[in-house]
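One-letter residues, chain by chain:
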Amino acid sequence: MLPLVTKQLGLSVDNKQLLHNIWLELTDNHVTVIMGHNGAGKSILLRCMHGLIEPTEGTIHWAGCKASSIETRKKQAMVFQKPLMLNRSTSANIEYVLKLRDKSESLTQKYLQSAGLEHKADQPARSLSGGEQQRLAIARALACEPGVLFLDEPTANLDPGATLKVESQVISASQQTIKIVLVTHDIAQARRLADDVVFMSDGTVTEHSSAKTFFSQPASAEATSFMSAYIR
Amino acid sequence: MSTFSQVFSEVGVLLSGPDPDLLEIVWLSLRVSLTATLAACAIGLPLGALLGIKNFPGKTIVTVLINTLMGMPPVVLGLIVYLMLSRSGPMGFLQLLYTPTAMIIAQFALVLPIVTALTRQQIEDNWSEYSDTMNSLCVPLTQCVRTLLWDSRISLLTTGLAGFSRAISEVGAVIIVGGNIDHLTRVMTTAIALETSKGDLPLALALGVVLLTIALAVNTLVFSSRTRIA
Ligand SMILES: Nc1ncnc2c1ncn2[C@@H]1O[C@H](COP(=O)(O)OP(=O)(O)O)[C@@H](O)[C@H]1O
Ligand SMILES: [Mg+2]
């Protein structure tokens, strides 16, 4: 799958420039964290990477293949900011994806266990708690056996305990050599998970550096002020 | 002309023992309206879902057209079906006029726009939540339709119910294409209209009570199954 390469990526909708001049290269099978203020364009960039939105300028390729090609997209999975629970049981949510990808439904149990939901298998998915729904959404995405997993603020509405459970799910996916691209506002979470950090501001990437560099001495002024607001 | 209380006591007598004529009428009503509704659902549910999901040029026109057909007066529709089925009509060779099949066809045409329009609205509302995930998973269109229909099953039950209520309660279409022939095409609503005009109020009223009871029973059934499949 990797590397992901964007060249001069831009997107305008109705004469509004939402993304512009994004040059990005993701090479390692690690956790990439995307940070930035609300409205910086993080979710839209994720959609472009996932091939859901065709950029209006520049190019975006996964290992040389166009991001919007169906073969490339089938090797990726995404959990949206507000994950959709299919109106059926917890296990049926997993089975749906397994069937879709022609995989054995006997794998359901494995994915339920990975989400810590085996005891809620028969419960309607929509009756699960926020944290459980998020874990189910991630497990369902993993059931696609993706090479890349996109997560858009997966813990934005969760309490610290639920957040840690989601994070451990993400870490274990990453250890199975799934590339993780995660958007978050939570700097502490970024510190815990990130191998490299992409910082976005006003529709463009102002900085892409290793986590170590980013958290010790962010290069861009935007990132510096974002971090200092957090420290105070 | 009997007095008000006399009418009601006769209604009681009619409903207490199984009157074969009454049963025949009730059975035919149910058979015609249920068949018409099921057939309309078989086509209207997937069609409505497709309209709710897929964008295509002219979608607005199609939607407005179907929504308009929802309000089609049954007598007008009966007239159209009558012209189609009459001996000189395009489907006259089938010789279906004044048969229960003709009544099923008329009610099917009456119910189809209702089921399609309500389904489209329901599925379109849900699709705004589903589209991202379905696109992300690369779910093919036909399977999107099936997924949305199944996930909306509870509200779609009410859609089917609306269609059935329209079918069982209409009189204009069945009287034109069925002719209200005794022991052949007489259903509850046409019988009520006839008996009232003849002055046989007890029979008309008894049929009215049965009609309401069926409506109540069907609604109760649907409501209880809603909680079961939820
Ligand atoms: N479909 C769209 N059409 C027009 N503007 C949009 C659309 N989607 C998002 N935007 C705008 O693009 C900007 C970036 O949005 P988003 O990527 O969701 O930000 P965030 O970084 O908080 O995830 C916002 O100002 C938003 O209003
Ligand atoms: Mg966002």
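Notes on the structure follow. As the structure is a prediction and not an experimental result, all values here were calculated from the model. (Residues numbered from 1 in each chain as written. Chains lettered and ligands numbered in written order. Predicted model: local features only at pLDDT ≥ 70, side-chain atom pairs only at ≥ 80, totals over all residues. Heavy atoms only, no water.)

### Some points on the overall build of chain A
Then step 1. Each helix and strand counted, chain A has nine helices and 10 strands in total.
Then step 2. Taking 232 residues into account, the globule formula puts the C-alpha radius of gyration at 17 Å, and chain A, at 18 Å, falls close to it.
Then step 3. Counting only C-alpha atoms, chain A reaches 50 × 40 × 35 Å along its principal axes.
Then step 4. For chain A, with 232 residues in total, the buried portion stands at 53%.
Then step 5. Within chain A, contacts between residues at least 6 apart in sequence are counted, and of these 66% link residues at least 24 apart.
Then step 6. If you sum the accessible surface of chain A, you get close to 10,300 Å²; carbon and sulfur atoms cover 49% of it.
Then step 7. Within chain A, one finds 24 positive and 23 negative side-chain charges whose respective centroids are separated by 3 Å. (Helix = DSSP H or I, 4+ residues; strand = E, 2+ residues; numbered from the N terminus. Rg over C-alpha atoms; globule rule 2.2 N^0.38 Å. Buried < 20%, exposed > 50% of the residue type's maximum accessible area, 1.4 Å probe, protein only. Contact = heavy atoms within 4.5 Å. Areas by Shrake-Rupley, 256 points an atom, 1.4 Å probe, with all protein chains shown as cover. Lys, Arg positive; Asp, Glu negative; His and termini not counted. Charge placed at Lys NZ, Arg CZ, Asp CG, Glu CD.)

### As for the overall build of chain B
Then step 1. Summing up its helical and strand segments, chain B has 10 helices and zero strands in all.
Then step 2. Put simply, chain B runs from its N terminus to its C terminus through helices and strands in the order α-α-α-α-α-α-α-α-α-α.
Then step 3. Its C-alpha atoms put chain B at 70 × 50 × 25 Å along the principal axes.
Then step 4. The proportion of buried residues among the 230 residues of chain B is 45%.
Then step 5. Taking the contacts inside chain B whose residues are at least 6 apart along the sequence as the reference set, 75% of them involve residues at least 24 apart.
Then step 6. As presented, chain B carries roughly 11,600 Å² of accessible surface, and 70% of it is formed by carbon and sulfur atoms.
Then step 7. Each charge class in chain B was averaged separately, 12 positive and 13 negative side chains, and the resulting centres sit 10 Å apart.

### Section: the site of ligand 1
All names here are of chain A.
Then step 1. What surrounds ligand 1 is the set V13, K16, L18, H37, N38, G39, A40, G41, K42, S43 and I44.
Then step 2. A distance of 3.2 Å is found between an oxygen atom of ligand 1 and a backbone nitrogen or oxygen belonging to A40.
Then step 3. Separating an oxygen atom of ligand 1 from a backbone N or O atom of G41 is a distance of 3.0 Å.
Then step 4. For ligand 1, whose free accessible area comes to 570 Å², the fraction covered by protein is 58%.
Then step 5. Secondary-structure elements contributing two or more residues to the shell around ligand 1 are β2 (16-26) and α1 (42-49).
Then step 6. Considering each element in turn, the shell around ligand 1 owes the most residues, three residues, to α1.
Then step 7. Class assignment for the residues of the shell around ligand 1 results in four nonpolar, five polar and two charged. (Near = heavy atom within 4 Å. Polar contact = N/O pair within 3.5 Å; in protein donor to acceptor, adjacent residues only side chain to side chain. Nonpolar A, V, L, I, M, F, W, Y, C, P; charged D, E, K, R; others polar.)

### Side note on helix α3 (residues 90-100) of chain A
Then step 1. The buried count for α3 of chain A comes to nine of 11 residues, which makes it a mostly enclosed element.
Then step 2. Among all positions of α3 of chain A, only T90, S91, A92, N93, I94, Y96, V97, L98 and L100 of chain A are buried.
Then step 3. If you follow the buried residues of α3 of chain A, they end up packed against α4 (108-114) and α5 (130-142) of chain A together with α5 (100-136) and α6 (141-151) of chain B.
Then step 4. A positive backbone phi angle near 55 degrees is found at D102 of chain A, which sits one or two residues after α3 of chain A.

### Considerations on the layout of surface pockets
All names here are of chain B.
Then step 1. As a volume, the largest pocket reaches approximately 470 Å³.
Then step 2. L156, L157, G160, L161 and V222 are the residues nearest the centre of the largest pocket, which is lined by 20 residues in total.
Then step 3. Every element with two or more residues in the lining of the largest pocket is listed here: α2 (20-53), α6, α7 (153-169) and α10 (201-229).
Then step 4. Of the residues belonging to the lining of the largest pocket, the class tally is 15 nonpolar, three polar and two charged. (1 Å grid on protein atoms, 1.4 Å probe; cavity = no way out; pocket = protein on both sides within 12 Å on 5 of 7 lines; lining within 4 Å. Points joined across faces, edges and corners; volume = space filled by probe spheres on them.)

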